[in-house]
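Geometric and topological summary
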Amino acid sequence: SPELVSALRELELARQGLAALKDADEAAQQSMQRLVEAGEARLRNWDIAGAQLHDGRVTYHAPANGIVLEKNAVEGLRFMPGETLYRIADLSTLWAIADVPERDIAGIRPGSSAQVSVDALPGRDFTGKVDFIYPTLNEMTRTAQVRIVLNNADGALKPAMYAHVRLASGK
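Residues numbered from 1 in each chain as written. Predicted model: local features only at pLDDT ≥ 70, side-chain atom pairs only at ≥ 80, totals over all residues. Heavy atoms only, no water.

What follows covers the overall build of the protein chain. In terms of helices and strands, the protein chain carries two helices and nine strands. Taking 16 Å as the expected radius of gyration for a compact globule of 171 residues, we find that the protein chain reaches 25 Å, considerably beyond that expectation. Along the three orthogonal principal directions, the C-alpha set of the protein chain runs to about 75 × 40 × 35 Å. Looking at the protein chain as a whole, 22% of its 171 residues are labelled buried. For the protein chain, the share of sequence-separated contacts (at least 6 apart) that also reach a separation of at least 24 residues comes to 55%. As displayed, the protein chain offers around 12200 Å² of accessible surface, 52% of which is attributable to carbon and sulfur atoms. Averaging the coordinates of the 19 positive side-chain charges in the protein chain and doing the same for the 22 negative ones gives two points 5 Å apart. (Helix = DSSP H or I, 4+ residues; strand = E, 2+ residues; numbered from the N terminus. Rg over C-alpha atoms; globule rule 2.2 N^0.38 Å. Buried < 20%, exposed > 50% of the residue type's maximum accessible area, 1.4 Å probe, protein only. Contact = heavy atoms within 4.5 Å. Areas by Shrake-Rupley, 256 points an atom, 1.4 Å probe, with all protein chains shown as cover. Lys, Arg positive; Asp, Glu negative; His and termini not counted. Charge placed at Lys NZ, Arg CZ, Asp CG, Glu CD.)

The following block contains the structure:
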């Protein structure tokens with residue numbers, strides 16, 4: 001985007017100007033500081049505050065760590081504001097959604113412990129906690145959904161895996 005490159009260049013010049021005025025009077029320094037702040041605000045408004053300009057190329061970092069699930073950015077392709085360039089997911093914590101029969105739901109509370117196993121990793125159990133009990137009941141299956149938060153620091157669990165859940169019941 002020519003506008004982005006221009007905004008980054010203006011910010012770079014304002015920062016250089018501020019550094020050059022380190023021995024100048026306070027009014028001049030404050031004036032240049034306001035230019036730097038205005039340039040930073042402009043980039044924040046575009047939600048790319050961490051962008052940097054290097055040899056005419058713009059580099060900016062994702063707002064979170066994670067795994068790239070979808071990459072729409074291709075060199076030479078133009079994008080409009082608001083379009084998704086990359087879709088990134090942090091998979092270090094996952095949710096397991098369990099269907100609990102309505103007769104058992106009264107014994108489940110947020111914070112209850114859960115043991116989760118997946119067919120893909122036989123013999124390995126994951127410990128989690130009930131985070132949320134959905135307020136509706138599936139009329140066809142007579143079950144309510146329960147969300148369980150699982151630590152996945154090692155990346156063993158994958159989204160959409162089938163799981164078996166054992167919940168601690170207060171009954």
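Bringing the packing of helix α1 (residues 2-20) against helix α2 (residues 26-45) into the picture now. At a closest axis distance of 9 Å, the pairing of α1 and α2 adopts a crossing angle of 155°. Put simply, α1 runs roughly antiparallel to α2. Judged by the twist between their axes, the crossing of α1 over α2 is left-handed. Between α1 and α2, the residues in contact are E3, L4, A7, L8, E10, L11, A14, R15, G17 and L18 and Q29, M32, Q33, L35, V36, G39, E40, R42 and L43, respectively. Looking at the contact of α1 with α2, its residues break down into ten nonpolar, four polar and five charged. (Axes fitted to C-alpha atoms, helices over the stretch in contact; angles between N-to-C directions. Parallel < 35°, antiparallel > 145°, perpendicular 65-115°, else oblique. Left-handed = near helix turned anticlockwise from the far one by under 90°. Nonpolar A, V, L, I, M, F, W, Y, C, P; charged D, E, K, R; others polar.)

Take the layout of surface pockets next. Space inside the second largest pocket adds up to approximately 320 Å³. Surrounding the second largest pocket, 17 residues form its lining, W95, A96, I97, M161 and A163 being those nearest its centre. Of all the elements, strand β5 (residues 93-101) adds the most residues to the lining of the second largest pocket, at five residues. (1 Å grid on protein atoms, 1.4 Å probe; cavity = no way out; pocket = protein on both sides within 12 Å on 5 of 7 lines; lining within 4 Å. Points joined across faces, edges and corners; volume = space filled by probe spheres on them.)

Following the criterion strictly, the structure yields one aromatic pair and no others. Here F132 and Y134 contribute two aromatic rings whose centre-to-centre distance is 5.0 Å and whose plane-to-plane angle is 80°, an arrangement assigned as edge-to-face. (Phe/Tyr/Trp six-rings, centres within 6.5 Å; stacked < 30°, edge-to-face > 60°.)

This brings us to α1. Given a rise of 1.5 Å per residue, 19 residues ought to cover 27 Å, and the 27 Å separating the end C-alpha atoms of α1 matches this to within 8%. Buried residues of α1: L4, A7, L8, L11, A14 and G17, and no others. (Expected span 1.5 Å × (residues − 1).)

Turning our eyes to something else, we now look at the sheet that holds strand β8 (residues 143-151). Sheet architecture is open: five strands sit in the order β5-β8-β7-β6-β9, paired in antiparallel fashion. For this open sheet the edge positions go to β5 and β9 (163-167), each flanked by a neighbour on one side alone. Averaged over all pairs of adjacent strands, the angle between their axes in this sheet comes to 40°, without regard to strand direction. Relative to β8, strand β7 (residues 125-138) is paired through seven bridges, and the arrangement is antiparallel. (Pairing = 2+ DSSP bridges.)

The next point concerns the nonpolar core. Core analysis: the biggest nonpolar cluster contains 15 residues, and F126, V146, I148, L150 and L157 have the highest contact counts within it. When residues of this core are traced back to their parent elements, those giving at least two are β5, β6 (113-118), β7 and β8. With four residues, the top contributor of residues to this core is β5. Those residues in contact with I148, other than ones at most four positions away along the chain, are L94, W95, A96, A98, A114, V116, G128, K129, V130, D131, V165 and L167. In terms of nonpolar packing, the next biggest core, distinct from the first, is built from nine residues, L4, A7, L11 and I48 among them. (Core = buried A, V, L, I, M, F, W, Y, C linked by side-chain atoms within 4.5 Å.)

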